[in-house]
Every structure is written in C-alpha cells, then in structure tokens.
Amino acid sequence: MAQWTMIQAITDAMRVELARDENVLVFGEDVGRVGGVFRATEGLQKEFGEERVFDTPLAESAIGGLAVGLCTQGFRPVAEIQFIGFVFETMDSICAQAARLRYRSGGRYQAPIVFRSPFGGGVKAPELHTDSLEGLFMQTPGLKVVIPSNPYDAKGLLISAIRDNDPVFFMEHLKLYRSFRAEVPEGEYTVPIGVANVVREGTDVTVLTYGAMVHTSLKAAEELEKSRGAKAEVIDLRSLVPLDTDTILRSVQKTGRAIVVQEAQRSAGAAAEIIARINEKAILHLDAPVLRVTSPDTVFAFGQLEDQWLPDSRRVLAAMNEVLDF
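Note that this is a predicted model, so its numbers are computed, not measured.

Draft legend 1. Representation of the pairing of strand E4 (residues 76-80) in the model. Burial analysis of E4 places five of its five residues in the buried class, which makes it a mostly covered element. Taken together, the five bridges between strand E2 (residues 24-28) and E4 define a ladder with parallel strand orientation. When the sheet's bridge partners are listed, Leu25 is paired in E4 with Pro77. Examined bridge by bridge, E4 and strand E5 (residues 114-119) share three bridges and lie parallel to one another. Looking across to E5, one finds that Val78 is bridged to Val114.

Draft legend 2. Summary view of the sheet that holds strand E11 (residues 232-236). Ordered in space as E9-E11-E10-E13-E14, the five strands form an open sheet in which the pairing is mixed. Both outer strands of the open sheet, strand E9 (197-200) and strand E14 (291-295), are each paired with one neighbouring strand and no more. Adjacent strand axes in the sheet meet at a mean angle of 25°, parallel and antiparallel pairs treated alike. In this structure, E9 lies alongside E11, joined through three bridges in antiparallel fashion. Counterpart to Arg200 in the pairing with E11 is Val234. Running over the sheet, helix H9 (residues 245-255) touches E9, strand E10 (205-209), E11 and strand E13 (258-265) and is turned about 155° from E10. Contacts from helix H10 (residues 270-282) reach E10, E13 and E14, with the element oriented near 155° to E13.

Draft legend 3. A look at the packing of helix H8 (residues 213-228) against helix H12 (residues 313-324). Where H8 contacts H12, the axes come no closer than 8 Å and their chain directions differ by 50°. Taken together, the axis directions place H8 and H12 in an arrangement best described as oblique. Crossing of H8 over H12 shows right-handed handedness. For the pair H8 and H12, contact is made by Thr216, Ser217, Lys219, Ala220, Ala221, Glu223, Leu224 and Arg228 and by Ser313, Val316, Leu317, Met320, Asn321 and Leu324, respectively. Class assignment of the residues belonging to the contact of H8 with H12 gives a composition of seven nonpolar, four polar and three charged.

Draft legend 4. Seen up close, the sheet that holds strand E12 (residues 239-241). Spatial ordering of the open sheet is given by E3-E2-E4-E5-E7-E6-E12, a layout of seven strands whose pairing is mixed. What marks the edges here is a single partner per strand, and that holds for strand E3 (53-55) and E12. Each strand axis lies, on average, 20° off the axis of its neighbour in the sheet, ignoring direction. Alignment of strand E6 (residues 144-146) against strand E7 (residues 168-173), held across three bridges, turns out to be parallel.

Draft legend 5. Quick look at the packing of aromatic side chains. Taken as a whole, this structure holds seven aromatic pairs when the rule is applied. Ring centres of Phe38 and Tyr177 lie 5.2 Å apart, and the angle between their planes is 50°; this geometry places the pair in the tilted category. Here Phe38, found in the loop between E2 and helix H2 (44-48), pairs with Tyr177, found in the loop between E7 and strand E8 (182-184); they are 139 residues apart in sequence, far enough to count as distant. Measuring from centroid to centroid gives 4.8 Å for Tyr152 and Tyr189, while their planes differ by 20°, and the two rings are stacked. Pair noted here: Tyr152 is in helix H7 (residues 151-163) and Tyr189 is in the loop between E8 and E9, with a separation of 37 residues, a long-range link. Residue Tyr152 is classed as partly exposed on the basis of its relative accessible area of 34%. With relative accessibility at 13%, the residue Tyr189 sits in the buried group. Members of the aromatic cluster, joined through ring pairs, are Phe38, Phe83, Phe86 and Tyr177.

How each quantity is defined
Residues numbered from 1 in each chain as written. Predicted model: local features only at pLDDT ≥ 70, side-chain atom pairs only at ≥ 80, totals over all residues. Heavy atoms only, no water. Buried < 20%, exposed > 50% of the residue type's maximum accessible area, 1.4 Å probe, protein only. Helix = DSSP H or I, 4+ residues; strand = E, 2+ residues; numbered from the N terminus. Pairing = 2+ DSSP bridges. Axes fitted to C-alpha atoms, helices over the stretch in contact; angles between N-to-C directions. Contact = heavy atoms within 4.5 Å. Parallel < 35°, antiparallel > 145°, perpendicular 65-115°, else oblique. Left-handed = near helix turned anticlockwise from the far one by under 90°. Nonpolar A, V, L, I, M, F, W, Y, C, P; charged D, E, K, R; others polar. Phe/Tyr/Trp six-rings, centres within 6.5 Å; stacked < 30°, edge-to-face > 60°.

Have a look at this one:
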C-alpha cells in the first residue's frame, strides 16, 4: 500500500475517475500544464489530454458558469477554485444555480459537480487564501460540504464526490497537503459522504471536529489522558452536509459531555449547528453545556498573529477540562 501525502491522494482520486469515466473533466486556473498551484493536478493533462484537463481564464465566475453548463450536457466537472477566498466570485453558480438545478428543472437535470478549493490557516498565506467558509455553504440546500482530514479519506471522499449526482463543495486544508503521509490503497475505493469516523474512542467527553482540527483535538485528547486520566472520544465529522447526527448523538449519550472544535470564526458556523442538534435531541443526556473552541469573530489574522488567532491544543484541552469540571 502506498504511503502518500494528502495532495498525492487527491491527485490519484482524480486520475482514477478520469480513467474510469470519460465524462469527468478537470479544469481551473493553472491546473493543466503547470499542474495547479499546489500540484494537485500534476501530470493529469499529459495523461488524459487537453480536452479533459484544461486551464481556464483567471475568472472564477467563468469557472462556475462553465461547470453548471457542462453538467447539463452529461459531463461531471471537477472545478478548482484556486484559493477559498476567490470563491465569492462564483457563489451565484454554486449556490443559486448548481445547488438548485434538480429542483428548478423538476428532476430533468442533475448537477454532478465537484468544486475543489484549498483553505485553512497555519501556513501564513496572504489574505483571502485561508478563510474557513464552510458555514456559508452549509446554509445552501442541495449542496454537500466535505472536508477530509487525512490522505485515505481525501482520496475516498473525492471519488465519492465525483460520482455523486449532487454538487459537492470539497475543501482541502492547506496545512494538511504535505504535513504527513499515510497508507492509501492504489486503485479505486470510496469513503461514503455523510458518515463520521470515530478516530479515538473515549468515555468522558466527546470532541466533534473536522479538517486540521482533528489533529489538534487528538493532541489535546492525549494531553487530557496524561494530565487527569480522562478519555476523550474524538470524532472526525468528514462532511458537514450531510451531517452524521446519529454518530454524534451516540457519542454524546455515552460520554454526557461534548465540545465542538472548528477553525472558522465562532458565530453561525458548523459548531453552532452541531450544538443545536445536540440540544434538540440529547439535552437530557448532557452533564454540562456543550462548548465551542473556535477562532474569534474577526477577519482572519495576518501572518504574524495567525498562531495566536487559530485554535490550538491548549484551548481544546482547556475546554475539555471546563466541561469535565462543570
């Protein structure tokens, strides 16, 4: 089994699907000969040709419009938005067109589009390159939101997303692209969208998270067990839409305490939605209020303040101790 970085796993997922289905197309800014700014599409144009893997103008609105048009003609577009902050130029195509296409057409058309975009802090990138915008897309009916935390899931989830007949916004954390390697099967396999993964079993507190914060939370969970012998159950949500509410509730009912960790700002995001669902369906199982560990409600900090702005394992550990001591 190969030992791959996340970026290698993502590349291979697109390679598998390009080879399997001639209707799969990959396009975006610099994704062809250059292979993408992070080399996520490196070698794909050479292997599959310029009609299957191609560059677009520097215009995100055109990328989104092209994806919507192509899907109505039977293609399965994989459109790269080069950095998350550039997605605002294509919000109409994603949220007002692709997400509504099946409903608007009475089922005549589907929108099997994957919008890929890197995001996330910890790499000191320029402004608008690292924001966590998943909360914006969670409020869009008809759109799935997927955020892998490791190479194995990244490949399997991306293959599932490409095969899905609904539009998927696929967010790839910049810090995870090359930070570690993991075993990834060669060839095709899928990880189902909407199924969370319990990455660490525990009995005393549930930690619900996704993306790079999975690794931050695992570090905090280890520190918690060393410092006070308590065992945290860490759940990688993998996708925010659909959200695996059943796995969340089972864990909360077992532990009686929970925190939600997200890199995004505090208000109106994934954490708020998750806490609302827990309160609606499992409040009588709680021994303490559900807490959030998030970034503050400010614009994403510039590089020199980024480490202080982002959640870290100390803040996650403090939240776990707070609910345990309630």
